[in-house]
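Each chain is listed here by its residues.
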Amino acid sequence: MFKEKLFILILFMGLVSFQFKLSSQTIQTFATAGVISWTCPVGVTSVTVECWGAGGGGGGGGAVFNAAGGGGGGGAYASSVITVASGNIYTITVGAGGAGGGSFGTTGGNGSNSSFNSTIVMAAGGNGGIGSGGGATGGIGGAATSCTGTVKYSGGNGGSGTTSGGGGGGSSAGSSINGNNAIQYIGGVAPAGGVAGTSASTLAAGAVGNVGLSGGGGASGGRRGSSATDNAGGAGGAGKVVLSYCTAMSITSTQTNVSCTGGNDGIIDLTVTGGIQNNNNIILDVQTVDDICSTGDIDSWQSFTPTFTARLAAFEVKLDGPDNGNWYLYKGTGVGGVLLASGTYTATAAGYKYISIPSLPQLTAGQICTFRLTTPMADWLVTCSANYSGGQDNNNNAFDRVFKTHMVLNPYSYLWSNGAVTEDISNLVAGAYTVTVTDAVGCSAVDTKTITSLGPLVITASASPTTICAGSTSTLTAFGPLTLDQKSIPGSLTASWAGTFSEQQTFIPSMTGLLRKVRIQTATYGSATNITVNIKSGTPTTGSLLTTVTYFKAANLNSWDDVILPGSGVNLTAGSTYYIEIVSGSQVDWIYNSTDTYANGNASRGGTNFAWDYNFETYMDLNTYVWNPGALSN
């Protein structure tokens, strides 16, 4: 019996959840007094930290008629850009507002400091307002001189209590300016980036002070009025810590270099990950007719052809009951293609089940892909007939799974140095191309990619003798430019040896082609000598000679030597093991790095391996062409 299943594939850029996003950065705000552990997100290396100290409490009003307390001072501001590491835990402290002064006109409490990792960035709290029993003057705002940070501003001072009312609270500091002082019972005006101090009540009966605003606002003082009741000052506002950061983006590319000097067939195929991807521009792409009439199999698939290039971030499946199983996404028709992503799902009830794809595989317009679902218990709904021409299912196209795909265009914006605004660029001449990639919240990353030209081929005749008579045949070989393949990290120490000892360095080519040149760094001592360089296959104890060349080197000379191999060079296969061997009858040192830094080979001497690497480079010719025109007529 066929199983019934419905899936809706949603192709769009990554779903990333943060507290909120503002301007060009991700912002996290902490405004509740206390200590918080913050784990640095993956890809974040730098954070702008802003701290506001807590506001001071208002002074209490009491003991005598019309006695009023002073307002609390506002919290100071401090900020710095801090280097952080993904996964590390940092301590955030949000300062608590100072307590209001109580009966008999006591002084309000000081606001606590706010900080990031204790002292890396710290903003001072405002001082409490003086109670009516102590003079009723306003509390001093948190001082910039008491803060730690690159940018620092002071909070505003509280107002003095009067017979008309308690003193108003001072404002917190702004992010680019000092806070504003209260004027008698009127609270300090909020500066840019800060909060206002609260104003005091002027009721004839008297009133308690008003609580300071969160973010470092000073509280107003209390006042004893005609009711003959002592009134406490208000509590200061809690401090605040704000973190602003960009999530790092990674830019990689596949480059196709210009095939010949002066050409313009270079290509840069860019891949960007990270950042905050734009998932707002979602477009319905392809879908089948929703005429459900049958059930599917416990292991079912449906292929589809995207018409847009985008990433698959999630899909939905419609099940007719609770279920759990596995999902797979392949490139190609059916389950024999390249596996792009896979995972498990659990559905607790019938209906749509949303499944995320954390790896965000990119799908290409026109490239058929296949979605597969194993459902041991529930059904995947299918159509009554094959009505979707862009794919087929595992019932030999007797049905189509009911599905929709949703694509998002332009997850990032691009600006290349040549004016292009597309992700990939083509028809390029040799040169450097710089791209600025901007994500959905305005964070940017810049990278430069270089397109090279292979250069003209050099033609050499391999015929001997060089004069060719009519009727003879000849072979011409064209050599392209050489490509550096393998190299060790150069060192400065020497391996002293003499006599007929040989030294070897193994290497594994990353490309198949002709090895035409090796570079080695050697030093001679005492006298000039001939140095023989052998290229062998396998390992130093089991290898066979592929080619050999001998060159002369002057006495007491430490230098890199370009060793050109005879003939056309030696054909090497990527992934196979080879080694360079040098032999000399006089004392010669092959310069080496004293640590083992080359992962694809090791050094040896006289059959003994060593934990170092000899200084060497290998150069491959990937563009050799042979032409044999047959018999020459003249």
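Every value quoted in this text rests on a predicted model; they were computed, and no experiment measured them. (Residues numbered from 1 in each chain as written. Predicted model: local features only at pLDDT ≥ 70, side-chain atom pairs only at ≥ 80, totals over all residues. Heavy atoms only, no water.)

Caption draft 1: Structural view of the overall build of the protein. Helix and strand counts for the protein come out as zero helices and 48 strands. Within the protein, the proportion of its 634 residues that are buried is 47%. When the accessible surface of the protein is summed, it comes to about 26,600 Å², and 54% of that surface belongs to carbon and sulfur atoms. (Helix = DSSP H or I, 4+ residues; strand = E, 2+ residues; numbered from the N terminus. Buried < 20%, exposed > 50% of the residue type's maximum accessible area, 1.4 Å probe, protein only. Areas by Shrake-Rupley, 256 points an atom, 1.4 Å probe, with all protein chains shown as cover.)

Caption draft 2: Structural view of the state of the cysteines. The full count for this structure, using the stated rule, is one disulfide. Two residues, C246 and C443, share a disulfide whose sulfurs are 1.9 Å apart. Across the S-S bond linking C246 and C443, the dihedral sits near -80°, which makes this disulfide left-handed. Note that C246 is positioned in the loop between strand 13 (240-245) and strand 14 (249-256) and C443 in the loop between strand 30 (431-438) and strand 31 (444-451), a separation of 197 residues in sequence. Of the residues examined, C246 reaches a relative accessible area of 29% and is grouped as partly exposed. (Disulfide = S-S within 2.5 Å.)

Caption draft 3: View of the confidence of the model for the protein. Averaged over all residues, the pLDDT of the protein equals 83, while 85% of them reach at least 70. Here residues 1-24 is modelled with pLDDT under 50, and outside its nearest four sequence neighbours on either side it reaches 137 contacts, counting other chains as well. For the stretch residues 630-634, pLDDT sits under 50, and the model shows 14 contacts to residues farther than four places along the chain or on other chains. (pLDDT = per-residue confidence, 0-100. Contact = heavy atoms within 4.5 Å.)

Caption draft 4: Local environment of the pairing of strand 42 (residues 578-583). The buried fraction of strand 42 amounts to five of the six residues, a majority that puts the element mostly inside the structure. As defined by bridge partners, strand 36 (residues 502-507) adjoins strand 42 across six bridges and the pair is classed as antiparallel. Paired with E503 across the strands is I582, a residue of strand 42. Inspection of the sheet shows strand 38 (residues 529-537) paired to strand 42 by six bridges, in the antiparallel sense. From the neighbouring strand, S537 faces strand 42, where its bridge partner is Y578. (Pairing = 2+ DSSP bridges.)

Caption draft 5: Just the sheet that holds strand 22 (residues 338-347), in detail. Strand order in this open sheet of four strands is 18-25-21-22, and the pairing throughout is antiparallel. Two strands lie at the open edges of the sheet, namely strand 18 (299-304) and strand 22, each paired on one side alone. The mean inter-strand angle of the sheet, taken between neighbouring strand axes irrespective of direction, is 15°. As paired strands, strand 18 and strand 25 (residues 369-374) are joined by six bridges and run antiparallel to one another. If you follow F304 over to strand 25, its bridge partner there is C369. (Axes fitted to C-alpha atoms, helices over the stretch in contact; angles between N-to-C directions.)

Caption draft 6: Structural detail: the packing of aromatic side chains. As enumerated under the stated definition, the model contains 15 aromatic pairs in all. Judged by centre distance (6.2 Å) and plane angle (40°), the rings of F507 and F616 are tilted. One end of the pair, F507, is in strand 36; the other, F616, is in strand 47 (residues 616-621), and 109 residues separate them in sequence. Take F507 and F616: they sit in the same class, and that class is buried. K240 extends its terminal NZ or CZ atom over the ring of W52, reaching a point 4.5 Å from the ring centre. Just above the ring of Y619 sits the side chain of K517; from NZ or CZ to the centre is 4.3 Å. (Phe/Tyr/Trp six-rings, centres within 6.5 Å; stacked < 30°, edge-to-face > 60°. Lys NZ or Arg CZ within 6 Å of the ring centre and 35° of its normal.)

Caption draft 7: Representation of the pattern of salt bridges. Overall, the coordinates contain nine salt bridges when judged by the stated rule. Residue R605 pairs with E503 through a salt bridge whose shortest N-O separation is 3.7 Å. Of this pair, R605 sits in strand 44 (residues 603-605) while E503 sits in strand 36; the two residues are 102 residues apart in sequence, bridging distant segments of the chain. Classification of R605 as partly exposed rests on a relative accessible area of 23%. Judged by relative accessible area, E503 falls into the buried class, the value being 0%. (Salt bridge = Lys/Arg side-chain N within 4 Å of Asp/Glu carboxyl O.)

Caption draft 8: Spotlight on the pairing of strand 36. Most of strand 36 is tucked away: six of the six residues are buried. Of the two faces of strand 36, both are covered, the one formed by S502, Q504 and T506 as well as the one formed by E503, Q505 and F507.

Caption draft 9: Up close: the side chain of R372. Along the chain, R372 falls in strand 25. Classification of R372 by relative accessible area gives buried; the value is 17%. Ignoring anything within four residues of it in the chain, the contact list for R372 reads D299, S300, W301, N326, W327, Y328, Y330 and V335.

Caption draft 10: Examining the sheet that holds strand 9 (residues 121-123) more closely. Reading across the sheet, the four strands line up as 4-7-8-9 and stay open at both edges, with antiparallel pairing between neighbours. Bordering the open sheet on either side are strand 4 (34-39) and strand 9, each of which pairs with just one other strand. Averaged over all pairs of adjacent strands, the angle between their axes in this sheet comes to 15°, without regard to strand direction. Bridge count for strand 8 (residues 114-116) against strand 9 is three bridges, and the pairing is antiparallel. Among the inter-strand pairings, S115 is bridged to a residue of strand 9, identified as M122.

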